[in-house]
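Topology and contacts: notes
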Amino acid sequence: MNTENLLQQIKLEFKNVSLDDNYTLPEEDYADTSRWHFDKRRIDLNLTEEEWANQEIHFIDTSGWLLEERQEAINAIKEKRRMSNRYPNPLEIPSIYLERYSSGFGYLTPKAYLFYTPATMIYALNDANGIDSESFRSWLRRLSWANNHELITELLKFFSKNQISILHNFLLHMSNKTPSELINNLMNKCLENIRYLGFNN
């Protein structure tokens, strides 16, 4: 299968996936550092509510977050709520967004992993740097961890059969397209994991 056919299939089969009430990639990226979400009770009880909020706001304000997410995160901290999702269409998520919050892939719920998968595949297919990007590695690592039937079934439980087939074909297509031994090893592990679901290489 060539790149253009894969892109067409991804856009067709993933266009209607939604994040629903799951945390966004920036929120999970933040959780990677803080082990906390904005709508949850603060975890440092040695600080007052105001001190805690100011500490977290300073962290966000001095981080490398994109301007729009930075302001939304600060508002969410102040209002003790979740962040809004700036990209409800999974096909319109830009690569800079995936890159900036790539640590969040390790914390995504299965539904959120489905939501961010098409943008990640499109980035890898359309951009020569995509396959060697940190976001692609983080996305692959999450899939590689699901290394038995129970774990892969849980991670991909919201994927349709067609979507899993596209994911499988994508990994086959991208195999050995980079000199990176790490990326190639991760893709091979991911393909092995998908075999638990009956898809053979």
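Above this text you will find the structure in question.
So, a few notes on the structure that sits alongside this text.

Moving on to the overall build of the protein chain. Within the protein chain, the secondary structure is distributed over 10 helices and zero strands. Once the C-alpha set of the protein chain is aligned to its principal axes, its extents read approximately 55 × 35 × 35 Å. Burial status across the protein chain gives 49% buried among its 201 residues. Long-range contacts, defined as pairs at least 24 residues apart, comprise 68% of the intrachain contacts of the protein chain with a sequence gap of at least 6. About 10000 Å² of surface is accessible on the protein chain, with carbon and sulfur atoms providing 46% of the total.

A few words now on the nonpolar core. The biggest cluster of nonpolar side chains holds 62 residues, and the ones touching the most others in it are F38, Y116, W139, F170 and L171. Top contributing element to this core by residue count: helix 6 (residues 110-126), with 11 residues. If we ignore the near neighbours within four places in the chain, the residues touching W139 are F105, Y113, T117, T120, M121, L167, F170 and L171.

Looking now at the packing of helix 2 (residues 25-34) against helix 3 (residues 49-61). One can describe the packing of helix 2 onto helix 3 by two numbers: an axis separation of 13 Å at closest approach and a directional angle of 115°. Crossing angle aside, the handedness with which helix 2 passes helix 3 is right-handed. Contacts from Y30, T33 and S34 of helix 2 reach helix 3 at E56, F59 and I60. Its residues assigned to classes, the contact of helix 2 with helix 3 shows three nonpolar, two polar and one charged.

A word on helix 10 (residues 181-195). Helix length check: helix 10 (15 residues) gives 21 Å between terminal C-alpha atoms against 21 Å at 1.5 Å per residue, within 8%. Burial in helix 10 covers these residues: I183, N184, L186, M187, C190, L191, N193 and I194. Of the surrounding elements, those touching the buried residues of helix 10 are helix 7 (134-145), helix 8 (149-155) and helix 9 (161-174).

For the rest of this paragraph, the subject is the pattern of salt bridges. Oppositely charged side chains can pair when the atoms bearing their charge come close. In the structure shown here, the tally under the stated rule is 10 salt bridges. With a closest N to O distance of 2.6 Å, E134 and R137 form a salt bridge. Placement of both E134 and R137 in helix 7 is noted, with a separation of three residues, approximately one turn of the helix. The partly exposed category is assigned to E134, whose relative accessible area is 29%. We classify R137 as buried; its relative accessible area is 19%. Among the ionic contacts, a cluster of salt bridges with common partners joins E68, E69 and R86.

Moving on, we come to the packing of aromatic side chains. Scanning the entire structure with this criterion turns up 16 aromatic pairs. Pairing Y30 with F38 gives two aromatic rings, centres 4.7 Å apart and planes at 40°, and the pair type is tilted. Look at Y30 and you get buried, because its relative accessible area is 2%. For the ring pair F115 and Y116, a centre distance of 4.9 Å and an interplane angle of 85° mean the geometry is edge-to-face. Under the relative-accessibility criterion, Y116 is labelled buried at 0%. Taken together through their ring pairs, the aromatic side chains of F14, Y113, F136, W139, F159 and F170 make up a single cluster. A cation over a ring is seen here: R82 above Y23, with NZ or CZ 4.1 Å from the ring centre. Geometry around F158 places K111 over its ring, the cationic atom sitting 5.5 Å from the centre.

For D20, which is not glycine, the phi torsion reads 55° and is therefore positive. Mapped onto the elements, D20 comes out in the loop between helix 1 (3-13) and helix 2. Among the residues examined, D20 registers a relative accessible area of 52% and is labelled exposed.

Basis of the calculations
Residues numbered from 1 in each chain as written. Predicted model: local features only at pLDDT ≥ 70, side-chain atom pairs only at ≥ 80, totals over all residues. Heavy atoms only, no water. Helix = DSSP H or I, 4+ residues; strand = E, 2+ residues; numbered from the N terminus. Buried < 20%, exposed > 50% of the residue type's maximum accessible area, 1.4 Å probe, protein only. Contact = heavy atoms within 4.5 Å. Areas by Shrake-Rupley, 256 points an atom, 1.4 Å probe, with all protein chains shown as cover. Core = buried A, V, L, I, M, F, W, Y, C linked by side-chain atoms within 4.5 Å. Axes fitted to C-alpha atoms, helices over the stretch in contact; angles between N-to-C directions. Left-handed = near helix turned anticlockwise from the far one by under 90°. Nonpolar A, V, L, I, M, F, W, Y, C, P; charged D, E, K, R; others polar. Expected span 1.5 Å × (residues − 1). Salt bridge = Lys/Arg side-chain N within 4 Å of Asp/Glu carboxyl O. Phe/Tyr/Trp six-rings, centres within 6.5 Å; stacked < 30°, edge-to-face > 60°. Lys NZ or Arg CZ within 6 Å of the ring centre and 35° of its normal.

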